[in-house]
Structures are given as C-alpha cells and as structure tokens.
Amino acid sequence: MAYLVITILIIGLYTIKRRSLLNATFLFAAPYVFIILLNNNVMVNLGYFSIKETTFRVLLIFTVGLAIGSVIQMAFKKRVRFSIESSDLGSYISDRSISKINTFLWFVIIIRIFNILLSIRSVGLAALYANDFEALQLSGLIGHITLLGTALVPYVYKHYLKNKNARDLIVILAYCGVLFASFVKYHVIILIIVLFFEYGFFYPQKIIKAFIILFGSTLILFVGNYWLSFILRSINFSSAFAISKVWTYVAGGTITNDVLLQTESNSYSMGQWLLSIPSGIVNLFSSVIVGKPIIENVGWGHVIIGQTSIQAYWTNVYSQLTYLSQYSNILEMIATSIIIGFAGEASIPSTSESDDSYTKPTRLFILSFIFLNFFSNYFSLSSSWEIIGWSMLSGIIIRSLPHLVVGNKRGNQMNYHE
C-alpha cells in the first residue's frame, strides 16, 4: 500500500505545482489510481481479482517516469514545441471556412447513413445481427472519408465554444451519431475525449465539470452501444451485464498485470514497445500494398481477471502498465515512462499559444490516444494514425491557404469578418 500512497502524493504534489489537472502526470497516472481504489474496495465484491502490490510498484515507476518526462519537456518547451505554432499566433479560421467544414461534415453524415442502409439491405438483418454488426464498421473509401471528418470536428467545436452557434452543435451531435452507428466504441469515444480536452483548455475553471461530463458521456456511449445491439437482437440486457462489461474493459488492463506477473516470464522489452508505436501506420500501408499487416503486436491472449460461482471474467485488454510489468529491465521501464510523459506534455497546449493553433487538434488527438493508455495501446491501430494524419494534413492546408484564415488577435478580442 505504501507504493500506492507515494504514487498519489507524487500525482498530487505535481498537480498542485502545475496548478492544473491538465498535465501529463495526472492525466496518464490518475486513472490507474481510480481503477485500483474502486476495484479493491467495491468490484472485488463482484468477483474481480484484487490488484496487488506488484502493480502498485509498477505504477509508482510509471508515475515517476511521467513526472520526469513532463519536467524535462516543460524545461525545453520552447525548443520542442512545433515550430509551426509561431506563425499561427494572431490568426484564426474564418466563419466562411467553418461553414465549408460543416457542409463537408453533413456530406459525410449523409453518405454514411446511405452506406449503413445499403449494408443492412445487402446482408440482411439476420446476418447483420449474427456477425455482431460487422457490416456497419468503417471500411473502404467511406471509412477513410469518415475518419477525415472526425479530424475536422474539433475545428467546428472550437467555433461553437466561441460563438454558441446551434448549427455547429447539431452537426457535431449528428457526426457523433454516425460514429456510434459503426458499433466500434472507440471511434466515437476518442472524439468525445478530444472535445473534452478542447472544452477543458477553453474553460480551465470548469475542468471538474468537464471530467464529470466526460465520464458520464463515455459511460452512456459504452453501455448504450451494448444496449442497442442487444435490443435490436431481442436479447435480454441487464444492469449486471452492463456493470461487468464496463469494468472488464476499464479495469481489465490493470488487473491483468498481477495475473501476468504470476504466469509470464518478463519477456517484453522497450524495443518491442517502440516498434508497436508505428505499427499502426506501417500496417496501414502494408495492408494496401501486400494485403496484410507486416508487424504483429505482442499479446497474451485472453486472461481471466475475476471469477464468481457462476461465471468468469476474461479480457484481452492490455494497459501500458501491462507492457511495463513484462519488462525485465527497470531502467527500460523508467525510460519508457519518461518518453510517454515527455510526449504527453508536448501534446498539451500551453496557455500562451494561440487558441487556433493549427497543430492543436492533432496534438489533442495524440493526447487522447495516450490518455487511454490504461485501456490499450491505440497507436498500434491503423485508424488512430489515419485520424492523426488527416488532422495534420488539414492543419497544413488551413495554414497554407490564406483565404481560409482572417483577422488577428488584439489582446483577448476576436473580430470575425468575412
């Protein structure tokens, strides 16, 4: 328990020093503390295994590394910030450009709805239900266009925060709806997390409210995804099932650490972790060129993380702690944690930079993928890299085309005009 107490103290003291919850050490380590406390005091009563000192020790190492990486990045932030930001100051996206983005998003929403209807007509409802809605997942040209639209939504949301334009909010909600309809939970959840960070940086004084909204909305989306799929297939949906599914996904990667430390022989390395980061983008291109992924990420199959007299809880979810716990070298554990802390802190917008920095949406997507390290390594997914790529490309295009940008900042005032 001493390891966990020290971890909480480090997170708390560093957060007090930063005077903000939006720092890499809190964002990436605090979810584990929440999971451990809730699991060991509540969820063990439902049959989940208790999280033990072995995981506390790994979490402490991870937290120390995050703090070191954050401090290093803060010390050299002027050198490591994207050089593009210096030219972003004083510029913002015009109302006309936001209107064009909204038009494109509505186009994506409409073709995605038609795509869903055609998929249902093509395979039939019986086959759709039998294959767990696989036909509705994002794929092909429409899938790529939908991910492009995902990368553009943060621009519209920032415009909404500034102007409270109902049209912006409607298109955002509609877009979340079509992402939800893919029945792949992380597509819509990652967008919600990005919007949460945007809200938190825009209204830093309301960050606690933002965390509550984030927790509530992701819980509703997660459970709602299962509820809808069950209702459509006329399967009974119970609150007990919802609780077990949510906790298996949320805490599975953390509970897995103790199990693997008892059954596996520390066969993972920092080199394998580093290789897993670009695997998503490498496999994205290899799937097009050679028809299959060429980098296979390490996994340990399904792991039992709890058991009752009538059922067992299984998961194939591996958190960042899972990978760290399988390192054979503590120095590699620290080095990996420092890299994550450094990269995460670099992705957090500074208070002095432009609200409309064109690299900001890209960094918020990167920050969101790292934030979910307690659940999985999302950089091993090709769709994550595609969203990041689209976000970078859209930022470059917006910056390069002067007619998309107007005006400049004077003090804190923004003067929009056409």
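Residues numbered from 1 in each chain as written. Predicted model: local features only at pLDDT ≥ 70, side-chain atom pairs only at ≥ 80, totals over all residues. Heavy atoms only, no water.

Looking now at the overall build of the protein chain. For the protein chain, the helix and strand inventory stands at 17 helices and four strands. Counting all 418 residues of the protein chain, 50% fall into the buried class. A separation threshold of at least 6 residues defines the contact pool for the protein chain, and within that pool the share at least 24 residues apart is 77%. Accessible surface, the protein chain: about 19500 Å² in total, of which carbon and sulfur atoms supply 66%. (Helix = DSSP H or I, 4+ residues; strand = E, 2+ residues; numbered from the N terminus. Buried < 20%, exposed > 50% of the residue type's maximum accessible area, 1.4 Å probe, protein only. Contact = heavy atoms within 4.5 Å. Areas by Shrake-Rupley, 256 points an atom, 1.4 Å probe, with all protein chains shown as cover.)

Here we take up the pairing of strand β3 (residues 312–315). The side-chain alternation of β3 yields one buried face, formed by Y313 and T315, and one unburied face, formed by A312 and W314. Relative to β3, strand β2 (residues 303–307) is paired through four bridges, and the arrangement is antiparallel. Paired with I304 across the strands is W314, a residue of β3. (Pairing = 2+ DSSP bridges.)

The phi dihedral of R19 is positive, around 60°, even though this residue is not glycine. Structurally, R19 is set in the loop between α1 (2–18) and α2 (24–41). Overall, R19 belongs to the exposed group, its relative accessible area being 78%. We note that K164 has phi near 55°; this positive angle belongs to a residue other than glycine.

Another aspect to go through is the packing of helix α7 (residues 140–163) against helix α16 (residues 360–371). In contact at an axis separation of 10 Å, α7 and α16 are set at 115° when each is read in the N-to-C sense. Viewed along their axes, α7 and α16 form a crossing whose handedness is right-handed. Contacts between α7 and α16 involve T150, A151, P154, Y155 and K158 on the former and, on the latter, K360, P361 and F365. Residue composition of the contact of α7 with α16, grouped by class: five nonpolar, one polar and two charged. (Axes fitted to C-alpha atoms, helices over the stretch in contact; angles between N-to-C directions. Left-handed = near helix turned anticlockwise from the far one by under 90°. Nonpolar A, V, L, I, M, F, W, Y, C, P; charged D, E, K, R; others polar.)

Here we come to the side chain of S391. Along the polypeptide, S391 turns up in helix α17 (residues 382–400). Leaving out residues up to four positions away in the same chain, S391 has contacts with A151, Y155, P361, T362 and F365.

Counting residues in each nonpolar core, the largest one holds 101 residues, and the members touching the most others are F28, F62 and F197. In contact with F197, not counting residues within four places along its chain, are L22, L27, L364, L367, S368 and F371. (Core = buried A, V, L, I, M, F, W, Y, C linked by side-chain atoms within 4.5 Å.)

What follows is about the confidence of the model for the protein chain. A low pLDDT means the predicted coordinates there should not be read in detail. Model confidence for the protein chain is summarised by a mean pLDDT of 82, while 85% of its residues fall at 70 or above. Of all helices and strands in the protein chain, the one with the weakest mean pLDDT is helix α5 (residues 85–88) (44), whereas α2 scores best (94). Confidence over residues 80–90 falls short of pLDDT 50; this stretch has 29 contacts with residues more than four positions distant or in other chains. Within the model, pLDDT remains below 50 along residues 408–418, and this stretch shows 21 contacts once partners closer than five positions in the same chain are excluded. (pLDDT = per-residue confidence, 0-100.)

In this section: the pattern of salt bridges. Close approach of charged atoms allows side chains of opposite charge to pair. For the structure on display, the rule yields three salt bridges. With its nearest N and O atoms 3.1 Å apart, the salt bridge here joins E198 to K360. Of this pair, E198 sits in helix α9 (residues 185–202) while K360 sits in helix α16, and the two are 162 residues apart along the sequence. Beyond isolated ion pairs, a larger network of salt bridges with shared partners links K158, E198 and K360. (Salt bridge = Lys/Arg side-chain N within 4 Å of Asp/Glu carboxyl O.)

Using the criterion set out here, one finds 19 aromatic pairs in the structure. Ring centres of F202 and Y203 lie 4.8 Å apart, and the angle between their planes is 85°; this geometry places the pair in the edge-to-face category. On the basis of relative accessibility, which here comes to 24%, the residue F202 falls in the partly exposed class. For Y203, a relative accessible area of 16% gives the class buried. Each residue in the set F26, F196, F197, F201, F211, F371 and F374 is aromatic and connected to the rest through ring pairs, giving one cluster. Over the face of the ring belonging to Y203 we find K206, whose NZ or CZ atom lies 4.6 Å from the ring centre. (Phe/Tyr/Trp six-rings, centres within 6.5 Å; stacked < 30°, edge-to-face > 60°. Lys NZ or Arg CZ within 6 Å of the ring centre and 35° of its normal.)

Another aspect to go through is a nonpolar patch on the surface. A grouping of M1, V5, I8, L9, L13, I16 and L37 is seen on the molecular surface, where their side chains present a nonpolar patch of about 670 Å² in accessible area. For I8, the location among the structural elements is in helix α1. The class for I8 is partly exposed, based on a relative accessible area of 37%. (Patch = residues over 30% accessible without salt bridge, like charges linked within 9 Å, V, L, I, M, F, W, Y side chains within 5 Å.)

With 15 residues, helix α8 (residues 166–180) ought to run about 21 Å at 1.5 Å a step, and its terminal C-alpha atoms sit 21 Å apart, in line with that. Among the residues of α8, D168, V171, I172, Y175, C176, V178, L179 and F180 are the ones counted as buried. Its side-chain oxygen placed 2.9 Å from the backbone nitrogen of R167, N165 serves as the N-cap of α8. (Expected span 1.5 Å × (residues − 1). Polar contact = N/O pair within 3.5 Å; in protein donor to acceptor, adjacent residues only side chain to side chain.)

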